[in-house]
Amino acid sequence: MFSKSKIHEPGPKAASEPEKKSEAMSSPQRPLGDFVPAAPRPKAAASVLSADLTVTGNIKTTGDVQVEGIVEGDIRAHLLTVGESATIKGEIVADDVVVHGRVVGRVRGLKVRLTSTARVEGDIIHKTIAIESGAHFEGSVQRQDDPLQGANAPKLMPPAADAPYTGK
């Protein structure tokens, strides 16, 4: 006839109540039905090649790369940041290129930015370009609506293969 009330009894139900509240607050409401939209993925952090690293060979990614060391090879990426202590000897092809360090070779990018500490020896093919005061640049600059299109074309200025690296 009478049933014992569970209001004042400690137990798993009472302990799980706050969890349900925090879970409901942190997760968005899901629509009813079979369709469950995929949660947007957070953007991956940039891959960093540290200052004490030397890479000989090509690098290809759809993500972002920050180079602080030395790369002897071509780089393809979404966003490439060349750090102040970095040296790249090869072709760069990226949507966005920011150069703080040294590049010996062709640069192809939708947006190319040479900061005041940049040292570039090679041609730049771009859609938009910004060159800060103090940047050193030797080569030609060519504007194209789609500079990434001709990434496999022959190079305008081949890098000198026999020139030794002096570290300057």
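Calculation rules
Counting restarts for each chain, with residues numbered from 1 along the sequence as it is written. Since the coordinates come from a predicted model, pLDDT governs what is reported: local features require at least 70, and pairs of side-chain atoms require 80 or more to be given and counted, while whole-chain, interface and lining totals use all residues. Only hydrogens and water are removed before side-chain values are computed, so all heavy atoms of the structure are retained for them. A run of H or I in DSSP becomes a helix once it reaches four residues, and a run of E becomes a strand once it reaches two; helices and strands are each numbered from the N terminus. Remark: exposure states derive from per-residue accessible area (1.4 Å probe, protein chains only) relative to the maximum for the residue type, with buried under 20%, exposed over 50%, and partly exposed in between. The criterion used for residue contact is that any of the two residues' heavy atoms lie within 4.5 Å. Take a side-chain nitrogen of Lys or Arg and a carboxyl oxygen of Asp or Glu: if they are within 4 Å of each other, that pair is a salt bridge. Only buried residues count toward a nonpolar core. Its members are Ala, Val, Leu, Ile, Met, Phe, Trp, Tyr and Cys residues joined through side-chain atoms within 4.5 Å. One bridge is not enough; two strands pair if DSSP finds at least two bridges between them.

Engineer: Describe in detail the overall build of the protein, supporting the description with residues and values.
Structural biologist: The helix and strand tally for the protein stands at one helix and 14 strands. Relative to its 168 residues, the protein shows a buried fraction of 29%. Across the protein, contacts joining residues at least 24 apart in sequence account for 13% of those joining residues at least 6 apart.

Engineer: Let's hear about the side chain of T81: which residues, and what values?
Structural biologist: Checked against the element boundaries, T81 lands in strand 6 (residues 75-82). In this structure T81 comes out as buried when scored by relative accessible area, which is 19%. Beyond its immediate sequence surroundings of up to four residues, T81 is in contact with V65, Q66, V67, V98 and H100.

Engineer: Explain the pattern of salt bridges residue by residue, including any values.
Structural biologist: In total, this model carries five salt bridges according to the counting rule given. Note that E132 is salt-bridged to R113, the shortest N-O span being 3.2 Å. Placement of the pair is E132 in the loop between strand 12 (124-131) and strand 13 (136-138) and R113 in strand 10 (residues 107-114), with a sequence separation of 19 residues. A single network of salt bridges, built from pairs that share partners, joins E91, R106 and R108.

Engineer: Any details on the nonpolar core? Residues and values, ideally.
Structural biologist: Counting residues in each nonpolar core, the largest one holds 23 residues, and the members touching the most others are V67, L80 and I88. Counting residues per element, the ones that place at least two in this core are strand 4 (64-67), strand 6, strand 8 (92-99) and strand 10. Other than its neighbours up to four places away in sequence, L80 contacts V65, V67, I75, I88, I92, A94, D96, V97 and V98.

Engineer: Break down the pairing of strand 10 for me, citing the residues and quoting the values.
Structural biologist: Summarising the sheet, strand 8 and strand 10 pair through seven bridges and their orientation is parallel. By the bridge assignment for strand 10, V93 is matched with R108. One ladder, built from seven bridges, connects strand 10 with strand 12; its direction is parallel. Bridge pairing links R113 to A130 in strand 12.

Engineer: For the environment of I75, give the residues involved together with the corresponding values.
Structural biologist: Within the element layout of this structure, I75 appears in strand 6. Placed 10 residues apart in sequence, I75 and V65 show a C-alpha to C-alpha distance of 9.1 Å. Setting aside residues up to four positions removed in sequence, I75 forms contacts with I59, V67, L80, I88, E91, I92 and V93.

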